[in-house]
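Below are the chains, spelled out letter by letter.
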Amino acid sequence: MAYQRRRQHYYQRFRLVIPVLSAVTAALLFLFALLSFLAPSPVETDRMLRRRQHTLINFEANEAIENATFRVPSNGGKLGRDIWTSTNSEHFYGCSNSSNKFQKAQVVTHPNRYLLIATSGGLNQQRTGITDAVVAARILNATLVVPKLDQRSFWKDSSNFSEIFDVDWFIAYLSKDVKIIKQLPSKGRKPLSAYNMRVPRKCNERCYITRILPVLLKKHAVQLSKFDYRLANRLDTEYQKLRCRVNYHALRFTNPILAMGEKLVQRMRMRSKHYIALHLRFEPDMLAFSGCDYGGGEKEQKELGAIRRRWKTLHRSNPDRARRQGRCPLTPEEVGLMLRALGYGSDVHIYVASGEVYGGERTLAPLKALFPNYHSKETIATKEELESFSSFSSRMAALDFIVCDESDVFVTNNNGNMAKMLAGRRRYFGHKPTIRPNAKKLYRLFLNRSNMTWEVFASSVRNFQRGFMGEPKEVRPGRGGFHENPSTCICEDSTAKGGKNSGPRKQGKHNTTKRNASNDEPDVDNESEWPDMDDDDDDQNDLAEKGTFNETMSDYDALNFDEPELEAMISD
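Residues numbered from 1 in each chain as written. Predicted model: local features only at pLDDT ≥ 70, side-chain atom pairs only at ≥ 80, totals over all residues. Heavy atoms only, no water.

A. The overall build of the protein, seen in detail. Assigned secondary structure in the protein consists of 25 helices and 14 strands. When the 572 residues of the protein are sorted by exposure, 51% land in the buried category. Of the roughly 29000 Å² that the protein leaves accessible, carbon and sulfur atoms contribute 52%. (Helix = DSSP H or I, 4+ residues; strand = E, 2+ residues; numbered from the N terminus. Buried < 20%, exposed > 50% of the residue type's maximum accessible area, 1.4 Å probe, protein only. Areas by Shrake-Rupley, 256 points an atom, 1.4 Å probe, with all protein chains shown as cover.)

B. Summary view of the sheet that holds strand β11 (residues 374–375). A sheet is described by the order of its strands in space; here five strands give the open sequence β11-β10-β9-β12-β13, paired in parallel fashion. Taken across any chain shown, the strands that pair with only one partner, and hence form the sheet edges, are β11 and β13 (434–435). The sheet contact formed by strand β9 (residues 275–279) and strand β10 (residues 349–353) spans five bridges and is parallel. When the sheet's bridge partners are listed, isoleucine 276 is paired in β10 with isoleucine 350. Across the sheet, helix α10 (residues 255–271) touches β9, β10 and β11, and the angle it forms with β10 is around 155 degrees. The strands touched by helix α19 (residues 417–428) within the sheet are β9, β12 (409–412) and β13, with β12 carrying the most contacts at an inclination of about 150 degrees. (Pairing = 2+ DSSP bridges. Contact = heavy atoms within 4.5 Å. Axes fitted to C-alpha atoms, helices over the stretch in contact; angles between N-to-C directions.)

C. Quick peek at unusual backbone geometry. The phi angle at lysine 202 is positive, at roughly 55 degrees, despite the residue not being glycine. Take lysine 202: it is sitting in the loop between β7 (195–197) and α7 (205–211). In this structure, histidine 431 takes a positive phi of about 55 degrees despite not being glycine. Locating histidine 431 in the fold gives a position in the loop between α19 and β13.

D. Structural context of the packing of helix α14 (residues 332–341) against helix α15 (residues 360–370). Orientation of α14 relative to α15, taken along the N-to-C sense of each, is 20 degrees, at an axis distance of 7 Å. For the element pair α14 / α15, the angle class is roughly parallel. Along this stretch, α14 crosses α15, giving a crossing that reads as left-handed. Where α14 approaches α15, its residues Pro332, Glu333, Gly336, Leu337 and Arg340 are matched on the opposing element by Thr363, Leu364, Pro366, Leu367 and Leu370. Taken together, the residues that form the contact of α14 with α15 break down as six nonpolar, two polar and two charged. (Parallel < 35°, antiparallel > 145°, perpendicular 65-115°, else oblique. Left-handed = near helix turned anticlockwise from the far one by under 90°. Nonpolar A, V, L, I, M, F, W, Y, C, P; charged D, E, K, R; others polar.)

E. How the structure looks around the nonpolar core. Grouped together as the largest cluster of nonpolar side chains are 69 residues, with contacts concentrated most on Leu115, Phe161, Phe170, Tyr208, Leu224 and Phe253. Per-element tally for this core: the top contributor is helix α4 (residues 123–139), with eight residues. The residues contacting leucine 224, other than those within four sequence positions of it, are Leu115, Leu116, Ile117, Ala118, Met197, Val199, Tyr208 and Ile212. Of all hydrophobic cores here, the second largest spans 47 residues; its members include Ala288, Leu367, Val411 and Phe464. (Core = buried A, V, L, I, M, F, W, Y, C linked by side-chain atoms within 4.5 Å.)

F. Seen up close, the environment of lysine 182. Take lysine 182: it is sitting in the loop between β4 (180–181) and β5 (186–187). Accessibility expressed as a relative area gives 51% for lysine 182, which makes it exposed. Separated by 38 residues in sequence, lysine 182 and leucine 144 place their C-alpha atoms 8.6 Å apart. With residues up to four places along the chain from it excluded, the contact list for lysine 182 reads Val145, Val146, Val167, Asp168 and Ile171. A distance of 3.0 Å separates a polar atom in the side chain of lysine 182 from a polar atom in the side chain of aspartate 168. (Polar contact = N/O pair within 3.5 Å; in protein donor to acceptor, adjacent residues only side chain to side chain.)

G. Structural view of the side chain of threonine 109. Mapped onto the secondary structure, threonine 109 falls in the loop between α3 (105–108) and β2 (114–117). A distance of 2.7 Å separates a polar atom in the side chain of threonine 109 from the backbone oxygen of alanine 105. Threonine 109 has contacts with Asn141, Ala142, Thr143 and Lys179, leaving out every residue within four places of it along the chain.

H. Representation of the pairing of β2 within the structure. Alternating positions in β2 separate into two faces, Tyr114 and Leu116 on one and Leu115 and Ile117 on the other, with burial throughout. In this fold, the crossover linking β2 to strand β3 (residues 143–145) by way of α4 has right-handed handedness. In this sheet, strand β8 (residues 221–224) lies alongside β2 in parallel orientation, the contact comprising four bridges. Along β8, the bridge assignment pairs tyrosine 114 with alanine 221. (Right-handed = clockwise from strand over helix to strand, strands pointing away.)

I. Structural context of the state of the cysteines. Evaluated as defined, the whole model comprises four disulfides. Disulfide partner of cysteine 95: cysteine 491, at an S-S distance of 1.9 Å. Of note, the bridge from cysteine 95 to cysteine 491 carries an S-S torsion of about 85 degrees and is right-handed in sense. In this pair, cysteine 95 sits in the loop between β1 (92–94) and α3 while cysteine 491 sits in strand β14 (residues 490–492), placing the two residues 396 residues apart along the sequence. An identical accessibility class is assigned to cysteine 95 and cysteine 491; each is buried. What pairs with cysteine 203 in a disulfide is cysteine 207, and their sulfur atoms sit 1.7 Å apart. Between cysteine 203 and cysteine 207, the S-S dihedral sits near -100 degrees, and the bridge is therefore left-handed. What links to what in the protein: the bonded cysteines, counted in sequence order, pair as 1-8, 2-3, 4-7, 5-6. (Disulfide = S-S within 2.5 Å.)

J. Layout of the packing of aromatic side chains. This structure, assessed with the given rule, holds eleven aromatic pairs. Residues phenylalanine 165 and phenylalanine 253 carry aromatic rings whose centres are separated by 5.6 Å and whose planes lie at 15 degrees to one another, so their mutual orientation is stacked. Taken together, the residues span a long stretch of sequence, with phenylalanine 165 in the loop between α5 (161–164) and α6 (167–173) and phenylalanine 253 in the loop between α9 (237–250) and α10 at a distance of 88 residues. Assigned by exposure class, phenylalanine 165 and phenylalanine 253 land together as buried. Aromatic pair tryptophan 454 and phenylalanine 457: ring centres 5.3 Å apart, planes at 35 degrees, arrangement tilted. Placement of the pair is tryptophan 454 and phenylalanine 457 together in helix α21 (residues 454–464), with a separation of three residues, close to one helical turn. (Phe/Tyr/Trp six-rings, centres within 6.5 Å; stacked < 30°, edge-to-face > 60°.)

K. Broad picture of the pattern of salt bridges. Enumeration over the complete set of coordinates arrives at 18 salt bridges. The salt bridge partner of glutamate 163 is arginine 395, with a shortest N-O separation of 3.6 Å. Taken together, the positions of glutamate 163 in helix α5 and arginine 395 in helix α18 (residues 393–406) put the pair 232 residues apart, joining distant regions of the chain. Judged by its relative accessible area of 34%, glutamate 163 falls in the partly exposed class. With a relative accessible area of 13%, arginine 395 lands in the buried category. Residue arginine 252 pairs with aspartate 166 through a salt bridge whose shortest N-O separation is 3.5 Å. Remark: aspartate 166 occurs in the loop between α5 and α6 and arginine 252 occurs in the loop between α9 and α10; sequence separation between them is 86 residues. Linked by salt bridges that have partners in common, Arg201, Lys226, Asp228 and Arg230 make up one network. (Salt bridge = Lys/Arg side-chain N within 4 Å of Asp/Glu carboxyl O.)

Below, the structure is given as structure tokens:
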């Protein structure tokens with residue numbers, strides 16, 4: 001009885017569970033049917049799988065392109081030319097001797113006419129002032145007193161003329177051109193006092209005769225203060241050649257500076273037969289002045305902005321526009337990439353003339369990776385050897401000047417006074433290669449280099465640098481500053497004149513340099529600098545590349561500096 005009751009109980013409970021199981025089974029069947037309906041067909045599944053694999057391959061390929069396509073080679077490649085010399089440079093030479101018509105100083109110098117000048121700026125800016133002072137004295141038929149060097153500028157160098165330059169050589173070499181004395185003579189028991197005045201910038205011969213001579217006749221001794229770029233770019237040929245005699249022959253460094261400079265050159269030669277000298281100019285003050293962005297983000301903007309605020313007249317310009325106009329110095333990495341594209345391999349030795357580099361070793365690391373043989377005067381000379389120079393900025397700059405001048409290739413990263421003085425000097429003494437980055441064109445390459453192969457990049461660099469390598473006839477006579485392009489003082493031999501192609505690119509009609517500069521040279525003194533170009537206008541560089549002209553403009557000539565310290569700091 002009990003057994004039947006339990007059996008009936010279990011049967012009733014089972015009857016209650018059956019509907020639940022049926023409902024769950026039906027729900028599962030419905031869900032399975034729904035999934036079967038929504039799921040792609042086997043053909044579609046295979047198509048999706050292939051699409052996913054293709055996307056993955058494309059991603060990996062793009063990543064490989066970014067990492068591998070722009071792979072910088074360690075060697076410079078084969079360019080079919082000598083990267084250490086300029087084309088046809090052997091046919092050009094410096095010629096600065098005066099003609100028979102240029103009377104001797106003893107004949108033309110008037111008694112009781114004494115000209116003194118006070119130079120301005122750093123070593124190379126002062127060098128331009130000294131050179132022009134000799135010519136100014138000759139124009140005025142006056143006796144020149146050995147120039148005073150600037151001891152109160154940003155550079156804070158207490159050196160006088162005789163501690164930088166060989167003063168006795170200077171006086172003796174120019175004795176036939178201008179009478180030079182070391183100090184003003186006495187008038188009775190009292191030394192003669194000089195009347196202080198300032199001459200306008202780019203003053204020509206007539207300007208000196210009308211403005212300075214009347215005062216000189218009355219006062220007998222005149223001192224021209226802040227004497228930098230106070231002589232016109234365009235002068236009579238005889239005066240231009242006198243400029244060259246002063247700059248390239250009479251201005252010789254003192255024996256201690258020459259000896260140390262030659263020692264540095266010898267040490268570079270011991271390391272390699274050829275070497276490049278690079279004037280980097282990537283100091284914080286320089287970058288702050290440029291107003292450009294260098295990829296350092298908010299930290300960089302804050303640091304460089306703080307430097308700019310030290311100068312009341314210095315305001316931040318449009319960084320993108322400045323870069324499009326080619327007014328931003330290349331970064332050390334960009335300089336290295338440009339040199340590799342021009343054919344200089346990783347085995348090349350580089351001497352870097354530079355102050356404190358913004359960002360320090362982090363900024364220099366890419367350049368050193370491209371060119372491990374990286375040197376400076378501090379790395380190839382001992383602290384003891386540099387001790388007598390290190391406290392004097394002009395003497396340290398003189399050492400860099402010597403090593404850069406003697407280099408096989410000189411590379412400048414700005415267009416300040418040192419760059420211009422060395423460019424002119426290297427043209428005069430055999431057109432040694434002098435590379436100036438065509439920054440206006442190169443910036444687009446650097447901006448887009450991840451989207452091109454190295455071969456395309458290198459070919460474009462070589463194309464854009466035509467006309468910026470310091471080769472003969474690269475710059476038309478009279479273009480640019482005379483100290484940078486002393487065309488009146490450069491002659492070519494008969495082989496070059498007779499040849500159909502005596503230069504790499506003949507830009508404009510080239511007149512022989514023996515003709516009168518006052519007739520041949522265009523008046524660049526009245527030319528406007530830094531035209532207000534449209535953002536995308538490349539006409540100036542297009543003209544240069546087509547062979548019309550290639551004028552080097554200073555980054556600073558057009559700026560009206562109200563703060564002399566800022567000008568001295570930036571322009572040298």
